[in-house]
Amino acid sequence: MAFDSLSDKLQNVFKKLRSKGVLTEDDVKEAMKEVKRALLEADVNFKVVKSFVKSVSDRAVGEEVLKGLNPGHMVIKIVKEEMDKLMGSEMTEIKLRPSNEITIIMMCGLQGAGKTTTAAKLAYQFKNKGKKPLLVACDVYRPAAIKQLQVNGEKVGVPVFAMGDNNKPLDIAKAAIQHAAKNNINLVFLDTAGRLHVDEDMMNELAEIKENLDIAYTILTVDSMTGQDAVNVATTFNDKIGIDGVILTKLDGDTRGGAALSIKAVTGKPILYSGMGEKLTDLEPFYPDRMASRILG
Ligand code: GDP
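Nothing here was measured: the structure is a model prediction, and the numbers come from that model. (Residues numbered from 1 in each chain as written. Predicted model: local features only at pLDDT ≥ 70, side-chain atom pairs only at ≥ 80, totals over all residues. Heavy atoms only, no water.)

Draft legend 1. Examining the overall build of the protein chain more closely. Tallying secondary structure elements over the protein chain gives 12 helices and 8 strands in all. For the C-alpha atoms alone, the extent of the protein chain along its principal axes is close to 70 × 35 × 30 Å. A total of 297 residues make up the protein chain; the buried ones form 52% of that total. Summarising the internal contacts of the protein chain: among those between residues at least 6 apart in sequence, 77% fall at separations of at least 24. Surface exposure of the protein chain reaches about 13700 Å², of which carbon and sulfur atoms provide 48%. Mean positive and mean negative side-chain charge positions of the protein chain (41 and 40 charges, respectively) differ by 2 Å. (Helix = DSSP H or I, 4+ residues; strand = E, 2+ residues; numbered from the N terminus. Buried < 20%, exposed > 50% of the residue type's maximum accessible area, 1.4 Å probe, protein only. Contact = heavy atoms within 4.5 Å. Areas by Shrake-Rupley, 256 points an atom, 1.4 Å probe, with all protein chains shown as cover. Lys, Arg positive; Asp, Glu negative; His and termini not counted. Charge placed at Lys NZ, Arg CZ, Asp CG, Glu CD.)

Below you can see the structure in the form of structure tokens.
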């Protein structure tokens, strides 16, 4: 399960803290050293770990904590609160335009991160909320990607707009929006092309779509199993094209926690949803407080 190893290590630190009736500043320092090690081993970004441990320590060594009734408990509570904060505290909702307007969402990400699957999952969620979504196949480099989107669209009962692989992604997107306007569709998901690595052509293509169309949200899909790489990918996409949020996939696997804990703090952009499996219903809104509770065990 995700975060198992991190949770176990933090639980051990907490057990020691709880067992002490009286806590000294040195006890807190020792505990924070262990927290730091556990977070680094979980592949959390180094700067994030440093500032996290500092925030917790600054609050925990205060008089009212150490001289309080249950100091161990108080320190654990502070760790939980700071972890919430690290991930953005509040759940961030995607706000769509009024139903008589078209909201365009551009999905981007590296190949294999789960972009196509996630586009269908999201479309399905919004369809269930009464929206009229359309999935658009803008990945013209991999014919299999078009087919995959069609299969997923069919599974969730959402139409798919495709023009094969002989057109420019921007032209396909434009045609899809015209199609949407004519067919009473108010939510358009552009499934853009992924690449194995970040490359200039991919970024230019996304930038061109963004410059020419009224994109409401640019959402990046990253694979939580890739740890700090996921954070680096998010940073690059945000610097090059600007993203509004991230969807973290494969949190059902035994991911260590680095991406979940670092993305918001490093990029400033929230995690919107987490992918919890291969099925098209396996997508959950990302609640920082619930995630912190899960990590802390
Ligand atoms: P894309 O290349 O980014 O479009 O990636 P795909 O949508 O094709 O997904 C790549 C693989 O990851 C597929 O086998 C998906 O079923 C799988 N996948 C996507 N999201 C999740 C998830 O949240 N959990 C798990 N376990 N698998 C996922």
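Draft legend 2. Examining helix H11 (residues 258-267) more closely. Among the 10 residues in H11, 7 count as buried, and that is most of the element. Of the residues making up H11, those classed as buried are Gly258, Ala259, Ala260, Leu261, Ser262, Ile263 and Thr267. One or two residues past the end of H11 sits Gly268, with phi positive at roughly 80°.

Draft legend 3. Highlighting the UniProt feature "domain: AAA+ ATPase" (unreviewed entry) in the protein chain. The UniProt feature table records "domain: AAA+ ATPase" (unreviewed entry) at residues 101-248. Helix makes up 46% of residues 101-248 and strand makes up 22%, while its end C-alpha atoms are separated by 28 Å. (UniProt positions renumbered as here; feature names shortened; annotations may be inferred.)

Draft legend 4. Layout of the pairing of strand S6 (residues 245-249). Across the 5 residues that make up S6, a large majority, 5, are buried. Strand direction decides the pairing type here: strand S5 (residues 215-223) and S6, joined by 5 bridges, are parallel. Along S6, the bridge assignment pairs Thr221 with Ile247. With helix H10 (residues 228-240) bridging S5 and its parallel neighbour S6, the resulting β-α-β unit is right-handed. Taken together, the 3 bridges between S6 and strand S7 (residues 271-275) define a ladder with parallel strand orientation. Counted as the bridge partner of Ile247 is Tyr273 from S7. (Pairing = 2+ DSSP bridges. Right-handed = clockwise from strand over helix to strand, strands pointing away.)

Draft legend 5. The sheet that holds S5, seen in detail. Across the sheet, 8 strands lie side by side as S3-S2-S4-S1-S5-S6-S7-S8; this open sheet has mixed pairing. Every interior strand has two partners, whereas the edge strands, strand S3 (160-161) and strand S8 (283-285), have only one. One ladder, built from 3 bridges, connects S7 with S8; its direction is antiparallel. Counterpart to Ser274 in the pairing with S8 is Glu284.

Draft legend 6. Fine view of the environment of Val140. The topology assignment puts Val140 in the loop between strand S2 (133-137) and helix H7 (143-156). A relative accessible area of 9% places Val140 in the buried class. The spatial distance from the C-alpha of Val140 to the C-alpha of Thr103 is 22 Å, given a sequence separation of 37 residues. Excluding its chain neighbours within four sequence positions, the residues that come into contact with Val140 are Gly164, Asp165, Asn167, Pro169 and Ile172.

Draft legend 7. Expanded view of the pattern of salt bridges. The tally for this structure, following the rule as stated, stands at 17 salt bridges. Here Asp58 ties to Lys54 by a salt bridge, and the two come within 2.8 Å at their closest N and O atoms. With Asp58 and Lys54 both in helix H3 (residues 46-60) and 4 residues apart, the pair spans about one turn of that helix. Residue class for Asp58 comes out partly exposed when judged on its relative accessible area of 47%. In this structure, Asp191 and Lys115 form a salt bridge, with 3.1 Å as the shortest nitrogen-oxygen distance. Highlighted residues: Asp191 in strand S4 (residues 187-191) and Lys115 in helix H6 (residues 115-128), separated in sequence by 76 residues. Asp191 gets classed as buried once you look at its relative accessible area, which sits at 2%. (Salt bridge = Lys/Arg side-chain N within 4 Å of Asp/Glu carboxyl O.)

Draft legend 8. Structural context of the packing of aromatic side chains. Tallied over the entire structure, the rule returns 0 aromatic pairs. For Arg195, the ring lying beneath its charged end belongs to Tyr141, and the centroid distance is 4.7 Å. Arg290 extends its terminal NZ or CZ atom over the ring of Tyr287, reaching a point 3.7 Å from the ring centre. (Phe/Tyr/Trp six-rings, centres within 6.5 Å; stacked < 30°, edge-to-face > 60°. Lys NZ or Arg CZ within 6 Å of the ring centre and 35° of its normal.)

Draft legend 9. Quick look at the nonpolar core. Of all hydrophobic cores here, the largest spans 78 residues; its most connected members are Met83, Leu190 and Phe237. In this view, Leu190 contacts Ile104, Ile105, Met106, Met107, Val136, Cys138, Ala173, Ile209, Leu213 and Ile215; residues no more than four positions away in its chain are not counted. By size, the runner-up hydrophobic cluster in this structure holds 23 residues, among which are Val156, Val158, Phe189 and Ile247. (Core = buried A, V, L, I, M, F, W, Y, C linked by side-chain atoms within 4.5 Å.)

Draft legend 10. Representation of the confidence of the model for the protein chain within the structure. Chain-level statistics for the protein chain give a pLDDT mean of 94 and a share of 100% at 70 or above. The complex prediction reports pTM at 0.96, with the ipTM value standing at 0.99. (pLDDT = per-residue confidence, 0-100.)

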